[in-house]
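Here is what each chain is made of, one letter per residue.
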Amino acid sequence: MQTRFPIPPLLNHLIWFILIFSGFSGFSQDRIFLANGEKVTGTFIGREKGMVYYLESGSSDTVKMAKQDVALVIYQSGDYKIFNEDYRPIIGQERIQKEEKEWNQTPKNLVKANLFLLLAQTAEITYQRRLTNHLAIEFPVTYGWGWKQAQANEFDIRKRFAVGATMLVYPIKKPNALIQFFTGPGIEVGNISFSDTYLTNFHDKSGRIGVFPSPQNSNYLNLNVRAGIMIRMNPWMSIGAEAAPGLRIYFWQEEFNTWSLSHNLNLIVHF
């Protein structure tokens with residue numbers, strides 16, 4: 001049972017001021033769910049002595065209703081107040097709808113350019129596809145043009161070309177969060193160039209230590225675990241940093257293994 005009653009002129013002016021101000025704030029309104037199944041939009045005023053007071057959208061009259069006749073109120077801020085526990089599932093539905101809306105409005109693709117590798121005369125571009133709020137898959141492609149210099153330098157190693165795939169987990173559920181952390185396993189195959197001195201501390205299958213003859217170009221397989229952070233500068237651009245420790249298996253004249261560590265400084269474009 002609801003009752004309408006007039007309110008004093010001064011309070012009426014104040015209410016209209018609130019309504020006008022709310023309009024300039026993006027026309028957001030509270031949603032009042034009644035026990036009879038109806039949904040009312042307007043401004044929730046408060047409750048007192050078992051009664052609930054609110055303004056319906058488009059009306060200047062305050063609606064007075066018994067508390068038991070109101071199921072719940074979802075405020076324009078996203079907060080809520082439950083008056084009847086039977087209606088708690090509505091909150092879950094509202095959150096699901098909100099998450100779906102955020103997901104639909106979020107760019108699902110990004111491209112990363114590794115700025116750090118440019119110092120080694122190597123370009124690495126990575127395409128990433130967001131699969132869910134928590135999962136993504138990415139595919140890096142690498143091409144190097146300074147690999148000949150690696151053979152002349154001491155303890156130097158540089159990629160000639162490589163491709164890979166990484167499955168990433170994002171612990172933070174919101175895909176458009178200001179700061180995102182991610183981690184996941186990856187695999188990379190390619191060809192690498194290294195100097196003589198890079199191999200002086202590694203054993204071959206016979207247990208010998210020595211310098212391998214030139215040229216030192218080898219196909220390889222790299223298994224790694226990647227972890228990083230991404231900071232959103234605007235909806236379409238981010239910066240990020242990553243590190244990926246792993247195991248690199250060389251398929252040279254004789255197979256040998258080494259530990260690997262890659263570190264990236266990325267410029268990221270979302271689309």
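Cut-offs applied
- Sequence order as written defines residue numbering, which begins from 1 separately in each chain.
- Owing to the predicted nature of the model, reporting of local features is limited to residues with pLDDT of at least 70; listing and counting of side-chain atom pairs is limited to 80 or more, with chain, interface and lining totals taken over all residues.
- Hydrogens and waters are ignored; side-chain quantities use all the structure's heavy atoms.
- Grouping buried Ala, Val, Leu, Ile, Met, Phe, Trp, Tyr and Cys residues that are joined through side-chain atoms within 4.5 Å yields what is termed a nonpolar core.
- Whether a residue is buried, partly exposed or exposed follows from its accessible area with a 1.4 Å probe, protein chains only, as a fraction of its type maximum: under 20%, in between, or over 50%, in that order.
- Secondary structure elements are taken from DSSP: a helix is a run of H or I of four residues or more, a strand is a run of E of two residues or more, and numbering for both begins at the N terminus.
- Note on contacts: a residue pair is in contact if any heavy atoms of the two residues lie within 4.5 Å.
- Side-chain rings of Phe, Tyr and Trp, where Trp is taken by its six-membered ring, are said to pair if the distance between their centres is within 6.5 Å; with planes under 30 degrees apart they count as stacked, over 60 as edge-to-face, and otherwise as tilted.
- Counting as a charge over the ring demands two things of the Lys NZ or Arg CZ atom: a distance within 6 Å of the ring centre and an angle within 35 degrees of the ring normal.
- What qualifies as a polar contact is a pair of N or O atoms within 3.5 Å, subject to a donor-acceptor requirement within protein and to the restriction that residues adjacent in sequence count only when both atoms come from side chains.
- Here a strand pair is declared whenever DSSP counts at least two bridges between the two strands.
- The predictor reports its confidence for every residue as pLDDT, a score running from 0 up to 100.

## What about the nonpolar core?
Consideration 1: The biggest cluster of nonpolar side chains holds 11 residues, and these are Ile32, Leu34, Val40, Phe44, Val52, Tyr54, Val63, Met65, Val70, Val73 and Phe83.
Consideration 2: Every element with two or more residues in this core is listed here: β2 (30–34), β3 (39–48), β4 (51–56), β5 (62–66) and β6 (70–74).
Consideration 3: Contacts of Val73, omitting those with residues within four sequence positions, involve Arg31, Ile32, Phe44, Asp79, Tyr80, Lys81 and Phe83.

## Focus on the packing of aromatic side chains
Consideration 1: For the structure shown, the criterion picks out two aromatic pairs.
Consideration 2: Ring centres of Phe44 and Tyr75 lie 5.8 Å apart, and the angle between their planes is 65 degrees; on these two criteria the pair is classed as edge-to-face. Placement of Phe44 in strand β3 and of Tyr75 in the loop between β6 and β7 (80–82) is noted, with a sequence separation of 31 residues between them.
Consideration 3: The exposure class assigned to Phe44 is buried, which follows from its relative accessible area of 15%.
Consideration 4: Given a relative accessible area of 24%, Tyr75 falls into the partly exposed group.
Consideration 5: Sitting over the ring of Tyr170, Arg130 keeps its end group 3.8 Å from the ring centre.
Consideration 6: The aromatic ring of Tyr220 is capped on one face by Arg248, whose charged end is 5.4 Å from the ring centroid.

## Let's talk about the environment of Asn219
Consideration 1: Along the polypeptide, Asn219 turns up in strand β13 (residues 217–234).
Consideration 2: Among the residues examined, Asn219 registers a relative accessible area of 42% and is labelled partly exposed.
Consideration 3: Residues Asn219 and Lys159, spaced 60 residues apart in sequence, show a C-alpha to C-alpha distance of 9.9 Å.
Consideration 4: The contacts of Asn219, once residues within four sequence positions are left out, are Gly190, Asn191, Ile249, Tyr250 and Phe251.
Consideration 5: A distance of 2.9 Å separates the side chain of Asn219 from the side chain of Asn191, its partner in a polar contact.

## Points about the pairing of strand β14 (residues 237–251)
Consideration 1: By the bridge criterion, 13 bridges tie β13 to β14 in an arrangement that is antiparallel. The residue bridging Asn219 from the neighbouring strand is Phe251, located in β14.
Consideration 2: Where β13 folds back on β14, the antiparallel hairpin that results is connected by two residues.
Consideration 3: By the bridge criterion, 14 bridges tie β14 to strand β15 (residues 256–270) in an arrangement that is antiparallel. The partner of Ala241 across the bridge, within β15, is Leu265.

## Quick notes on unusual backbone geometry
Consideration 1: Even without glycine at this site, Lys49 takes up a positive phi of about 50 degrees.
Consideration 2: Note on placement: Lys49 falls in the loop between β3 and β4.
Consideration 3: Non-glycine residue Gln121 carries a positive phi angle of around 55 degrees.
Consideration 4: Secondary-structure assignment places Gln121 in the loop between β8 (109–114) and β9 (122–130).

## Some details on the confidence of the model for the chain
Consideration 1: Mean pLDDT over the chain: 78, with 70% of residues reaching 70 or higher.
Consideration 2: Per-element mean pLDDT across the chain ranges from 49 in strand β1 (residues 2–5) up to 96 in β8.
Consideration 3: Low pLDDT (under 50) marks residues 21–27, which in the prediction has two contacts with non-local residues, meaning those over four places away or in another chain.
Consideration 4: Here residues 203–215 is a poorly scored stretch, pLDDT under 50, and it has 23 contacts once near neighbours within four places are set aside; other chains count.

## Notes on the pairing of β8
Consideration 1: Where β8 and β9 come together, five bridges link them in antiparallel fashion. The residue bridging Lys112 from the neighbouring strand is Thr126, located in β9.
Consideration 2: Bridging between β8 and β15 involves five bridges; their strand directions are antiparallel. In the strand pairing of β15, Leu110 is matched with His270.

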